Amino acid sequence: MIRNPIDIASRVSSNLSALIEDRVNKSELEQDITLATIHDFVAGLLSDAFTETEERHHFDSNESLLDELNALIEEFGESALAIDFVQENASEPLSRVIDAVVNDRDQENPPTLEAVKDAMISGLLASLVGAGVLDEDEDDVLLAEIDALIDRHGPDALAEEFIRYE
């Protein structure tokens with residue numbers, strides 16, 4: 001399979017991105033998950049009557065997942081790897097943590113995901129909670145989130161590439 005050279009994940013809704021990531025993570029197949037595979041899965045979840053009615057009337061104002069998948073398949077082809085369409089961003093609370101590390105004047109080099117994790121473990125989370133940047137309940141899940149990013153992208157990935165603000 002040829003990987004797409006552009007950041008196509010930025011053109012995918014967060015709902016579709018989450019669905020694709022979930023399907024890829026739960027897949028036990030030896031073969032790659034493609035856009036066609038995801039389309040078949042989504043279409044299989046909907047009843048034929050609902051699918052036909054939605055195609056005719058488009059009940060919600062947002063583009064449906066099937067419409068979005070159809071547009072992606074038309075542009076990139078059925079055999080495009082679905083994983084390429086998963087958004088790779090930190091949550092907004094983790095983005096605030098990364099931003100604090102990036103803006104730290106003591107950093108000589110751009111911080112990596114591992115450097116952000118080290119700062120989190122060394123008291124940055126408590127400091128940000130105390131400053132009101134994070135809520136008390138947000139700091140608990142952030143270590144698991146940074147670990148997941150490290151597992152997926154490696155400890156040396158530049159942290160600022162994952163910043164996202166909504």
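Residues numbered from 1 in each chain as written. Predicted model: local features only at pLDDT ≥ 70, side-chain atom pairs only at ≥ 80, totals over all residues. Heavy atoms only, no water.

(A) Inspection of the confidence of the model for the protein chain at higher detail. Looking at the protein chain, pLDDT values average 81 and 82% of them are 70 or higher. Within the protein chain, helix H6 (residues 113-130) carries the highest mean pLDDT (93), whereas helix H3 (residues 48-57) carries the lowest (54). Ignoring residues within four places in sequence, the model shows residues 1-5, a span with pLDDT below 50, making eleven contacts including any to other chains. (pLDDT = per-residue confidence, 0-100. Helix = DSSP H or I, 4+ residues; strand = E, 2+ residues; numbered from the N terminus. Contact = heavy atoms within 4.5 Å.)

(B) Geometry of a negative patch on the surface. Taken together, the side chains of Asp-135, Glu-136, Asp-137 and Asp-140 present a region of like negative charge at the surface. By the secondary structure assignment, Glu-136 is in the loop between H6 and helix H7 (139-153). (Patch = residues over 30% accessible without salt bridge, like charges linked within 9 Å, V, L, I, M, F, W, Y side chains within 5 Å. Areas by Shrake-Rupley, 256 points an atom, 1.4 Å probe, with all protein chains shown as cover. Salt bridge = Lys/Arg side-chain N within 4 Å of Asp/Glu carboxyl O. Lys, Arg positive; Asp, Glu negative; His and termini not counted. Charge placed at Lys NZ, Arg CZ, Asp CG, Glu CD.)

(C) Structural context of the packing of aromatic side chains. A full pass over the atoms with the stated rule returns one aromatic pair. A cation sits over an aromatic face here: Arg-23 above Phe-41, 4.0 Å from the ring centre. (Phe/Tyr/Trp six-rings, centres within 6.5 Å; stacked < 30°, edge-to-face > 60°. Lys NZ or Arg CZ within 6 Å of the ring centre and 35° of its normal.)

(D) Spatial organisation of the nonpolar core. Core analysis: the largest hydrophobic core is formed by 19 residues, its most contacted members being Leu-94, Val-97, Leu-113, Val-116 and Met-120. Contributing elements (two or more residues each) for this core: helix H5 (92-102), H6 and H7. Here this core takes six residues from H6, the largest share from any one element. In contact with Val-116, other than residues within four places in its own chain, are Val-97, Ile-98, Val-101, Ile-146 and Ala-159. Counting residues in each nonpolar core, the second largest holds 18 residues, with Leu-35, Ile-38, Ala-82 and Phe-85 among its members. (Core = buried A, V, L, I, M, F, W, Y, C linked by side-chain atoms within 4.5 Å. Buried < 20%, exposed > 50% of the residue type's maximum accessible area, 1.4 Å probe, protein only.)

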